[in-house]
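Chain residues, written in single-letter form:
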Amino acid sequence: MSDKIPMRDGYGKALLELCETDDRVMVLDADVAKSTRTVWIRDKYPEKFLDMGISEQDMVGTASGMALAGMIPFCSTYGVFLAGRAWDQIRTTVCYNHLNVKLAGAHAGISVGPDGATHQALEDVAIMRVLPGMTVIVPCDAEETRKATLAMAAKEGPCFVRFGREAVPCVTNESTPFEIGRANVMREGTDAVIFANGAMVYEALQAAKALETEGINLMVVNLHTVKPLDVAAVIDAAKKTGCAVTAEEHQMAGGMGSAVAECLAVNAPVPLEMVAVADSFGESGQPRELMDKYGLNAETIIEKVKKVLKRKIS
């Protein structure tokens, strides 16, 4: 693991690569260019950048027109406003018509910190993954965010990627494979599996390392793509270990954990526990304080692992 880097840096770097190599790429922002790192595009490729102001619905509508004209538009703003305010335009204009619009929800999760509940996207994965034809990606670090952004550009159709504001440890590198819809096994294990994404992948790895000293052997799976879910990988891990824990920086209802539960209920029923925000809005505070208060940490994962192991059928 390397130094902490904001995931949004990976998004900005990918956009720079795309603007250099693909004439079809356009970058739109809703007046938060410094925060989303699209300011890097504005400064280097001003002809490829469009600031729509604080007008998320108009941004998605404009991007839809660009997509119809053969462009590959990236809409960039805070995830809570993109998924919330522009949901009708995303549903009816983008998804219903299967337009090639790319959506980037920055400052997602509770780790946004002092901005508080109004700016903390904890429902975005749920309301994006329910849309027909929408691809939903939750990368775990800056490098994976870069790869996810590049992969979205190459994939035809609507795509949504969400990433936090706070710098997080890099648990992947340039050689780590990334493919939309293909989970990455970060650690092999036999006693239980932790399915994690976003900032919780690092927490899952920390939990696995700590439990190893107690003789508990955990598999950690980076489930960066929530939709399409890697059903085969989820089933395989569940069958190998016999029980599972999900960990995400999102509401418990409707997110990655729900996607895993739906998959396992139909294909491989095993005891399952979830680490997520339990039907609550966030609040203002320092990122680490909030992650700890809402149980989004390695300690809570460890508690859930021990709980699910007691339910495991031997």
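Before any of the text, the structure's been laid out above.
J.: Now, about the overall build of the protein chain: what can you tell me, with residues and values included?
T.: The number of helices and strands found in the protein chain is 13 helices and 14 strands. Rg of the C-alpha trace for the protein chain: 19 Å, near the compact-globule value of 20 Å for 314 residues, within the 12% margin. For the protein chain, with 314 residues in total, the buried portion stands at 61%. Within the protein chain, contacts between residues separated by at least 24 positions form 80% of all contacts whose residues are at least 6 apart in sequence. Taken as a whole, the protein chain presents about 12500 Å² of accessible surface, with 51% of it coming from carbon and sulfur. Charge separation in the protein chain, taken as the distance between the mean sites of 32 positive and 41 negative side-chain charges, equals 3 Å.

J.: Please provide a residue-by-residue account of the packing of helix 9 (residues 200-212) against helix 13 (residues 298-311), values included.
T.: Running from amino to carboxyl end, helix 9 crosses helix 13 at an angle of 60°, the nearest separation of the two axes being 8 Å. Of the possible angle classes, the one that applies to helix 9 and helix 13 is oblique. Here helix 9 runs over helix 13; the crossing is right-handed. Each of Met200, Glu203, Ala204, Gln206, Ala207, Ala210 and Leu211 in helix 9 lies in contact with helix 13, whose residues at this interface are Ala298, Ile301, Ile302, Val305 and Lys306.

J.: Hey, could you go over the pairing of strand 4 (residues 72-78) for me, with residue numbers and the actual values?
T.: The two faces of a sheet get side chains in turn, since along a regular strand they alternate between them. With 7 of 7 residues buried, strand 4 is to be regarded as a mostly interior element. Pairing of strand 2 (residues 25-29) with strand 4, which is carried by 5 bridges, proceeds in the parallel orientation. Among the inter-strand pairings, aspartate 29 is bridged to a residue of strand 4, identified as serine 76. Bridge count between strand 4 and strand 5 (residues 102-106): 5 bridges; the pairing is parallel. Across the sheet, residue cysteine 75 finds its bridge partner in strand 5, namely leucine 103.

Each value, and the rule that gives it
- Residues numbered from 1 in each chain as written.
- Predicted model: local features only at pLDDT ≥ 70, side-chain atom pairs only at ≥ 80, totals over all residues.
- Heavy atoms only, no water.
- Helix = DSSP H or I, 4+ residues; strand = E, 2+ residues; numbered from the N terminus.
- Rg over C-alpha atoms; globule rule 2.2 N^0.38 Å.
- Buried < 20%, exposed > 50% of the residue type's maximum accessible area, 1.4 Å probe, protein only.
- Contact = heavy atoms within 4.5 Å.
- Areas by Shrake-Rupley, 256 points an atom, 1.4 Å probe, with all protein chains shown as cover.
- Lys, Arg positive; Asp, Glu negative; His and termini not counted.
- Charge placed at Lys NZ, Arg CZ, Asp CG, Glu CD.
- Axes fitted to C-alpha atoms, helices over the stretch in contact; angles between N-to-C directions.
- Parallel < 35°, antiparallel > 145°, perpendicular 65-115°, else oblique.
- Left-handed = near helix turned anticlockwise from the far one by under 90°.
- Pairing = 2+ DSSP bridges.

Read these as geometric descriptors, not functional statements.
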